[in-house]
Amino acid sequence: MLKINRRHNLRDLGGFPVGTDQMIRNGVLYRSGNLGNLSKKDSQKLINAGISLIIDLRTPIEVQENPDVNLPGVTYIYTPFLMDSTVGITHQTGSNPVTIVKKMRHDKQALLNLLPDMEELYLKMVSDSETKKQIGKALSALIDAVLDGKRVLFHCTVGKDRTGVLAALVLSILGVTRTDVLKDYIKTNRSAYTGAVKKGLVIGALTHSFSMGLAAYQLFMAQQRHLIKTMSTIRKKYKTIEQFVTEDLGIENEKLNRFKVLMTVPLIKKK
């Protein structure tokens, strides 16, 4: 099992059961937060794990501010899901959220206006034509790499929202149940909790506002309701996630079927 510092929010998408007798193959697909501050030890772990493609879902300004550690033998692909102008006080603003609050702490309404509507943001990812085009590119690159025998890691800044949506799509088309998709999604809070609490306390103190602190805390935690609404919206329009992926994201059925065969193995039952 690949383990690095918890702050990077890395995990293997393998191991989830598919039906009654199959499971997702381990050691092929990984999700994480940004890899800009990887230690030498953790960098070597990724190299040893055989990861040869990293798909970065962050905006250009995020990549510029905190580029991934350059790992030898790894190909990097950049497919930003959201542009800088679409998000408020998150990591896409071009500076630390606490720094923004310090500058604007006397104008609470302006700060509240900066807080993004996360449900709207999630729905945008699966409805906006340009964003769907980027998701299709990332998913296609991921599938092509796996079919070529490569191991893949994809990430955004925290590994929560953009990474969460892509992971949910991948797991869903592979046949993982909604319960397990949500289980994977909420694991982010194991690494996000401490940072979310700190940011919430600092922002609450700077603004002298409990509500601002609470809003900041909630912003930096994975909220199941956002993903539930997003996936339900897809199913209402397309009936299945697979139909959305083939019809709207442009992934060929034949390629998708080969991907599913390759990524599922006999279930290892616990004794």
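Got a minute to help me understand the sheet that holds strand β4 (residues 29-32) in this structure?
In any sheet, the strands associate via hydrogen bonds between backbone groups, in a parallel or an antiparallel arrangement. Taken together, the 5 strands give an open sheet; going across it, the order is β1-β4-β7-β5-β6, and neighbouring strands pair in mixed fashion. On the outer flanks of this sheet lie β1 (11-12) and β6 (75-78), each paired with one strand and no other. Relative to strand β7 (residues 151-155), β4 runs parallel, the two sharing 4 bridges. Residue Arg 31 lies in a different strand from β7, and its bridge partner there is Phe 154. The sheet contacts of helix α6 (residues 129-147) involve β4, β5 (51-56), β6 and β7, and relative to β5 the element is tilted by about 175°.

Can you walk me through the nonpolar core in this structure?
Note on soluble globular proteins: their nonpolar side chains tend to be buried together. If you look at the biggest cluster of nonpolar residues, it comprises 61 residues, and the most contacted ones within it are Leu 29, Leu 142 and Phe 259. Those residues in contact with Leu 142, other than ones at most four positions away along the chain, are Leu 29, Ile 55, Val 152, Phe 154, Val 170 and Phe 259.

So what exactly am I meant to see when it comes to the sheet that holds strand β2 (residues 17-18) here?
Strand order in this open sheet of 3 strands is β2-β3-β8, and the pairing throughout is antiparallel. Across the chains shown, the open sheet's two edge strands, defined by having one partner strand only, are β2 and β8 (264-266). Two strands pair when backbone bridges link them, and strand β3 (residues 22-24) and β8 are joined in this way by 3 bridges, in the antiparallel orientation. Each bridged residue has a counterpart across the sheet, and for Gln 22 the counterpart in β8 is Pro 266.

I tried to follow empty space enclosed by the protein on my own but got confused; where do I start?
It is the rolling of a water-molecule-sized probe over the atoms that shows where space remains empty. Throughout the structure, instances matching the rule amount to 2 cavities of 30 Å³ or more. Looking at the second largest cavity, its volume works out to about 50 Å³. Looking at the second largest cavity, the residues that line it are Ser 172, Arg 178, Val 181, Leu 182, Leu 227, Ile 228, Met 231 and Arg 235. Going through the elements one at a time, α8 (178-186) and α11 (224-238) are the ones with two or more residues in the lining of the second largest cavity. At 4 residues, the largest contribution of residues to the lining of the second largest cavity is made by α11. Class assignment of the residues belonging to the lining of the second largest cavity gives a composition of 5 nonpolar, 1 polar and 2 charged.

Would you mind going over the packing of α6 against helix α7 (residues 162-173) with me for this structure?
Axis angle and axis distance: for two packed helices, these are the angle between their axes and the distance between the axes, and together they describe the pair. Two elements in contact, α6 and α7, have axes separated by 11 Å at closest approach and are oriented at 55°. When the axis of α6 is compared with that of α7, the two are oblique. Taken as a pair, α6 and α7 cross one another with a handedness that is right-handed. Mapping the contact onto sequence places Ile 135, Ala 138, Leu 139 and Leu 142 in α6 and Leu 166, Leu 169 and Val 170 in α7.

Conventions we followed
- Residues numbered from 1 in each chain as written.
- Predicted model: local features only at pLDDT ≥ 70, side-chain atom pairs only at ≥ 80, totals over all residues.
- Heavy atoms only, no water.
- Pairing = 2+ DSSP bridges.
- Helix = DSSP H or I, 4+ residues; strand = E, 2+ residues; numbered from the N terminus.
- Contact = heavy atoms within 4.5 Å.
- Axes fitted to C-alpha atoms, helices over the stretch in contact; angles between N-to-C directions.
- Core = buried A, V, L, I, M, F, W, Y, C linked by side-chain atoms within 4.5 Å.
- Buried < 20%, exposed > 50% of the residue type's maximum accessible area, 1.4 Å probe, protein only.
- 1 Å grid on protein atoms, 1.4 Å probe; cavity = no way out; pocket = protein on both sides within 12 Å on 5 of 7 lines; lining within 4 Å.
- Points joined across faces, edges and corners; volume = space filled by probe spheres on them.
- Nonpolar A, V, L, I, M, F, W, Y, C, P; charged D, E, K, R; others polar.
- Parallel < 35°, antiparallel > 145°, perpendicular 65-115°, else oblique.
- Left-handed = near helix turned anticlockwise from the far one by under 90°.

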